[in-house]
Amino acid sequence: MGVCCPILQPWDRTRDSYLPCLSDPVRRSSLFMKLGLVALHLVFIGFLFFCDDEFIQKTKRDPWYMASYLLLFSLTLLQYFVTSGSSPGYVIDAMRDVCGSDAIYRNAPPTTSIQHGSRKNGSFVINVEGESASAAGRRTPTSWGKMVLDLYPPGTSIRNLTCGYCHVEQPPRAKHCHDCDRCVLQFDHHCVWLGTCVGQKNHCKFWWYICEESALCIWTLIMYIDYLTNVAKPWWKTAIIILLLVVLVISMIFVLLLLLFHSYLILTNQSTYELVRRKRIPYMRNIPERVHPFSRGIKRNLYNVCCGNDTLDSLPTSFELEDKARPYTCLDMLKCRCC
């Protein structure tokens with residue numbers, strides 16, 4: 001019995017060929033979110049330009065003031081698009097780097113095949129030709145599999161570490177994102193505003209973006225308050241400015257809290273997923289709540305995030321966990337144990 005396939009109209013084929021972001025619902029939603037965020041920024045700055053004559057006069061008197069604001073505005077949007085287009089660090093890419101010389105990853109038709117893991121996007125599974133996923137899990141571990149096993153306590157089975165969607169061995173702190181349909185290294189969360197995940201390789205970019213966004217919100221709020229209190233205006237302008245102020249204050253509070261939260265995560269080398277789902281993650285269940293198993297001190301944590309350290313974190317031994325759980329003493333404070 002044949003399979004009936006839908007016949008694409010010429011317009012549909014053209015749209016899929018030239019506008020792939022509009023044919024995929026996930027990418028289409030991400031595109032609309034980005035356009036909406038940019039439009040929101042333009043609305044706040046455009047209102048002052050078109051409705052505040054005093055603001056325009058002030059700009060002419062002090063051009064450096066508006067130039068500085070526009071510079072911050074441009075840098076914020078630039079950082080947004082840079083973060084949005086960056087890779088969070090995918091397990092499949094790290095696997096390729098480690099196993100690039102392995103025979104299973106060579107481009108040899110009789111022995112290897114690359115199969116798509118999902119129809120949603122371009123994620124794929126690297127597997128042995130003619131072999132099922134269960135058989136692949138029973139074969140001799142590759143160099144990537146051996147490295148992943150070394151990151152876990154002795155006795156851990158490689159079959160328990162295999163992602164049920166990508167069929168790849170996950171190192172500690174990795175998680176499969178159902179929105180991206182890929183396993184992400186040091187998965188933090190999937191940001192709908194960015195349209196991508198926040199992970200090992202773009203957490204620093206994400207932090208800089210929300211830092212710049214916080215500064216932009218505070219500066220814009222100051223200009224709006226100055227406009228509201230010092231300029232006589234019609235009632236409809238007052239109503240619009242109050243509405244925009246409410247939206248701006250809510251956005252500023254959210255962004256500031258997000259900045260503080262992610263600053264804490266970076267300083268303690270945690271992720272949002274590990275903090276929120278701590279009791280559901282197998283390797284985190286038996287670790288005390290106040291112990292941060294992957295923290296190496298404030299200075300080392302900052303270095304790893306800011307300088308792009310791509311090393312994979314291994315689970316600490318029981319001795320290391322006991323040392324991290326030890327209460328702080330005055331001598332520890334003098335030695336800067338937390339650093």
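An unreviewed UniProt entry annotates the chain as S-acyltransferase originating from Eruca vesicaria subsp. sativa. The Sequence similarities (unreviewed entry) comment attached to the chain in UniProt states, word for word, "Belongs to the DHHC palmitoyltransferase family."

A. Fine view of the overall build of the chain. Within the chain one finds 14 helices and six strands. Of all 339 residues assigned to the chain, the portion counted as buried reaches 39%. For the chain, the share of sequence-separated contacts (at least 6 apart) that also reach a separation of at least 24 residues comes to 57%.

B. Spotlight on the side chain of Asn 202. Looking at the secondary structure, you find Asn 202 in the loop between strand E6 (196-198) and helix H9 (203-230). Residues contacting Asn 202, with those up to four places away along its chain left out, are Thr 83, Ser 86, Ser 87, Pro 88, Thr 196 and Cys 197.

C. Representation of the packing of helix H5 (residues 63-84) against H9 in the model. Contact geometry for H5 and H9: axes closest at 9 Å, N-to-C directions at 145 degrees. Read as a crossing pair, H5 and H9 show a hand that is left-handed. Residues Tyr 65, Ser 68, Tyr 69, Leu 72, Phe 73, Leu 75, Thr 76, Gln 79, Tyr 80, Val 82 and Thr 83 of H5 form the contact with H9, whose own contacting residues are Lys 205, Phe 206, Trp 208, Tyr 209, Glu 212, Glu 213, Ala 215, Leu 216, Trp 219, Thr 220 and Met 223. Across the contact of H5 with H9, the residue classes break down as 14 nonpolar, five polar and three charged.

D. Region of interest: helix H10 (residues 235-268). For H10, built from 34 residues, the straight-helix expectation of 50 Å at 1.5 Å per residue is met to within 8% by its first-to-last C-alpha distance of 50 Å. In the segment just after H10, Asn 269 is the residue with positive phi, at about 55 degrees.

E. The nonpolar core, seen in detail. One finds Val 91, Trp 144 and Val 168 to be the most contacted residues of the largest nonpolar core, which totals 28 residues. Looking at this core, the elements with two or more residues in it are helix H6 (91-98), helix H8 (143-150) and strand E4 (182-184). Filtering out sequence-adjacent residues up to four positions away, Val 168 remains in contact with Val 91, Ile 92, Met 95, Leu 161, Thr 162, Cys 163 and Cys 183.

F. Spotlight on the environment of Asp 226. Take Asp 226: it is sitting in helix H9. Here Asp 226 falls in the partly exposed class, since its relative accessible area comes to 36%. Residues Asp 226 and Phe 55 lie 171 residues apart in sequence; the distance between their C-alpha atoms is 9.5 Å.

G. Fine view of the packing of H6 against H8. At a minimum axis distance of 9 Å, the contact between H6 and H8 shows a crossing angle of 110 degrees. As judged from the angle between their axes, H6 and H8 are roughly perpendicular. When the axes of H6 and H8 are compared, the crossing they make is right-handed. Contacts between H6 and H8 involve Val 91, Ala 94, Met 95 and Val 98 from the former and Ser 143, Trp 144 and Met 147 from the latter. Broken down by class, the residue content of the contact of H6 with H8 amounts to six nonpolar, one polar and no charged.

H. Inspection of the packing of aromatic side chains at higher detail. Within the structure shown, the criterion is met by 10 aromatic pairs. Taking 5.5 Å as the distance between ring centres and 80 degrees as the angle between the ring planes, the aromatic pair formed by Tyr 69 and Trp 219 counts as edge-to-face. Of the two residues, Tyr 69 sits in helix H5 while Trp 219 sits in helix H9, which places them 150 residues apart along the sequence. Residue classification places Trp 219 among the partly exposed positions, given a relative accessible area of 22%. Ring centres of Tyr 80 and Tyr 209 lie 5.5 Å apart, and the angle between their planes is 50 degrees; this geometry places the pair in the tilted category. You can see Tyr 80 sitting in helix H5 and its partner Tyr 209 sitting in helix H9, a full 129 residues away along the chain.

I. Region of interest: the pattern of salt bridges. Per the stated rule, a full pass over the model turns up four salt bridges. A salt bridge links Asp 313 to Arg 173, with the nearest nitrogen and oxygen atoms 2.7 Å apart. Taken as a pair, Asp 313 in the loop between helix H12 (298-306) and helix H13 (318-325) and Arg 173 in the loop between H8 and strand E3 (175-177) lie far apart in primary sequence, 140 residues in all. Note on accessibility: Asp 313 and Arg 173 belong to one class, buried. Salt bridges linked by common partners bring Arg 173, Glu 274, Arg 296 and Asp 313 together as one network.

What counts, and at which threshold
- Residues numbered from 1 in each chain as written.
- Predicted model: local features only at pLDDT ≥ 70, side-chain atom pairs only at ≥ 80, totals over all residues.
- Heavy atoms only, no water.
- UniProt positions renumbered as here; feature names shortened; annotations may be inferred.
- Helix = DSSP H or I, 4+ residues; strand = E, 2+ residues; numbered from the N terminus.
- Buried < 20%, exposed > 50% of the residue type's maximum accessible area, 1.4 Å probe, protein only.
- Contact = heavy atoms within 4.5 Å.
- Axes fitted to C-alpha atoms, helices over the stretch in contact; angles between N-to-C directions.
- Left-handed = near helix turned anticlockwise from the far one by under 90°.
- Nonpolar A, V, L, I, M, F, W, Y, C, P; charged D, E, K, R; others polar.
- Expected span 1.5 Å × (residues − 1).
- Core = buried A, V, L, I, M, F, W, Y, C linked by side-chain atoms within 4.5 Å.
- Parallel < 35°, antiparallel > 145°, perpendicular 65-115°, else oblique.
- Phe/Tyr/Trp six-rings, centres within 6.5 Å; stacked < 30°, edge-to-face > 60°.
- Salt bridge = Lys/Arg side-chain N within 4 Å of Asp/Glu carboxyl O.

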